[in-house]
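# Results of the structural survey
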Amino acid sequence: MNKHTLIYQIYPSSVGDLRDIAAIIPRIAEKLHPDYIWLNPFFESPWNDGGYDVSNYYRIEPRFGKMQDFHHLVKVAEKYHIGILVDLVLNHTSDQHEWFKLSEQHDPEYKNYYVWLDRPLNWRSFFGGPAFDYSAQRDEYYLHLYDKTQPDLNFNNPRVVKEFENIVDFWLANGAAGFRVDSANVLAESDLKKGRIPGLPGFFHYYQKPKTVKILERLFAKRKCYTIAEPVGGEFFSKRKFHELTKRAFSASFNVGTLDIADSFFSKKDKVYPIRYKKWLKKLSEWAPEPKFSIAFESHDAPRAPSRFHTDPRILAMLQFLLPSYNPCIYQGQELGTENAELSNNIQDYPGIQSRQVYRRLRRKGKTKEEAMRIVKLTSRDNARQPINWGEYILQGAREESVLNFYSRLIELWRSDPVIADGKLKVNKITKGGIFDFERHLNSKIYKVHLDFTGKTKSTLIDDKGEIVIKV
Ligand code: GLC
């Protein structure tokens, strides 16, 4: 059998501190047996972008605990054969990071740590708005592919690369089993020129450059650890190319497309798009057989999948684990069938920078307060960043038919049944309304899967003897 890796993602502030996370590991391990737990950033940060704005990579944000709490977490995880993956934000830091403050002051050691220009280019940021902002202190403009509080590091400066070699070594020495690498394909700019592409004009000046590949190899190729990249932007084809290019650096690639292509919920948050089942299921069946790609329907960046798809969470689970699925990622609470949160009607209550930006854009475009809030509530990634009711593990654990026990059985099957683990995929039918029929073939065995997102027929898995193994 090929190597299959199950990743369980935890957004720390939804759980508590590192000790609280350690305390829930035995429950998760018992039901799902993940190989790795990926923790979203828990480093010191002003928390403008949910921790993706790091102000010190060596320090833990005080409310999550201290280094000894991280060691404790690693120890508990190891007991259950789980490795901890640390989220490494390479592309940018917080503007509160000491490096940026010194860079702004023209400090000779740090002045080239970020991307500075004497006049701004026409590039746009991924969050909307210009990608260059002015620093009065330095009297120059700096690049930020995300928010203006997240200045882009200058990866053409070897000292920056060296800083991150030290950071990687530090976390490995402290017990991390590997890394999830944020925005991994946009690190180094090839040139700083005016861009021409509509939407993201600067794109081809920083997208998947050979220099970025070299840096990633330098950081990860020789270090013994599991690494999963998050390549952003672009179609799957170029991501496949990125994976090919970086195969010495990464063990797997988190395919954002699997959670975005159905309705653009990851990338476009100004409108509620209908689910495009046919496109989504077709793309999924092309992507799934790639051994290094992940399948994920949820993350900290998207609303909850059962709410988006208006569907029984068990059908989504069947899709995730019955297609060829080499690196599936489960997002905390997904295994409990968690729906979107009841979010506030007041935009001031939203912790996420993105929701506030979307709201402002919608209002500028002339939407009423009510209409803007309706859209924000449906598309906000804050939906998935709420506290999880871990007591559900006990309640659902006791119920034979619960979503949790369904996940548990399905994962066991995915791990132990060779046809499901390694069988070839044959697609028979995909309809616009969301009916998906496919088979898995291994040697002379054929399993048949029927998934129905319309809810009109039962979704089933039938084995080679014609027995119904699953029926929802
Ligand atoms: C990644 C993260 C997202 C964050 C962004 C900027 O896409 O998943 O949450 O906002 O990077 O760091």
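Scroll up a little and you will see the structure.
Before going into details, it helps to say that this report is about the structure given with it. Just so we're clear, the structure is a prediction, and the values are computed from it rather than from any experiment.

On to the site of the ligand. For the ligand, the full set of nearby residues is Asp49, Gly50, Tyr52, Val89, Tyr146, Asp182, Ser183, Val232, His300 and Asp301. Residue composition of the shell around the ligand, by class: 4 nonpolar, 3 polar and 3 charged.

Let us look at the sheet that holds strand E16 (residues 460-462). Taken in spatial order, the 5 strands of this open sheet run E13-E14-E15-E16-E17, and their pairing is antiparallel. Each of the sheet's edge strands pairs with one partner strand only, and the pair in question is strand E13 (424-430) and strand E17 (468-471). Neighbour-to-neighbour, the strand axes of the sheet open up by a mean angle of 15°, direction not taken into account. Relative to strand E14 (residues 435-442), E13 runs antiparallel, the two being bridged by 6 bridges. Among the inter-strand pairings, Lys424 is bridged to a residue of E14, identified as His441. On top of the sheet, helix H9 (residues 277-287) reaches E13 and E14; it is set at about 165° to E13, its chief contact. Contacting strand E15 (445-452), E16 and E17, helix H11 (residues 313-322) crosses the sheet at an angle of about 145° to E15.

Let's shift gears to the pairing of strand E1 (residues 7-10). Residues Ile7 and Gln9 line one face of E1 and the alternating positions Tyr8 and Ile10 line the opposite face, and both faces are buried. Both E1 and strand E12 (residues 329-331) contribute to a ladder of 3 bridges, which runs parallel. What sits directly across from Tyr8, in E12, is Ile330. The pairing of E1 with strand E2 (residues 36-39) spans 4 bridges and is classified as parallel. Among the inter-strand pairings, Ile7 is bridged to a residue of E2, identified as Tyr36. With helix H1 (residues 18-32) bridging E1 and the parallel E2, this β-α-β connection has right-handed handedness.

Rules behind the numbers
- Residue positions are counted from 1 within each chain, in the order its sequence is given.
- Residue-level local features of this predicted model are given only where pLDDT is at least 70; pairs of side-chain atoms are given and counted only at 80 or more, and the full residue set underlies all totals for whole chains, interfaces and linings.
- Being near a molecule or strand means, for a residue, that its backbone-placed C-beta atom lies within 6 Å of it.
- Residues are sorted three ways: Asp, Glu, Lys and Arg are charged, Ala, Val, Leu, Ile, Met, Phe, Trp, Tyr, Cys and Pro are nonpolar, and all the rest, Gly among them, are polar.
- Strands were regarded as paired on the criterion that DSSP finds at least two bridges between them.
- Numbering of helices and strands starts at the N terminus; helices are DSSP runs of H or I of at least 4 residues and strands are runs of E of at least 2.
- Note on definitions: angles span 0 to 180 degrees between N-to-C directions of axes, and those axes are lines fitted to C-alpha atoms, for helices only across the stretch in contact.
- Residue pairs qualify as contacts under a 7 Å threshold applied to their C-beta atoms, which are placed from the backbone.
- Partly exposed residues are those falling between the two cut-offs: more than 12 but fewer than 20 other C-beta atoms within 10 Å of their own, whereas 20 or more means buried and 12 or fewer means exposed, with C-beta atoms placed from the backbone.
- For crossovers, right-handed means that the path from the first strand over the helix to the second runs clockwise, given strands pointing away from the viewer.

Everything listed here is a matter of coordinates, which is why it stays silent on function.
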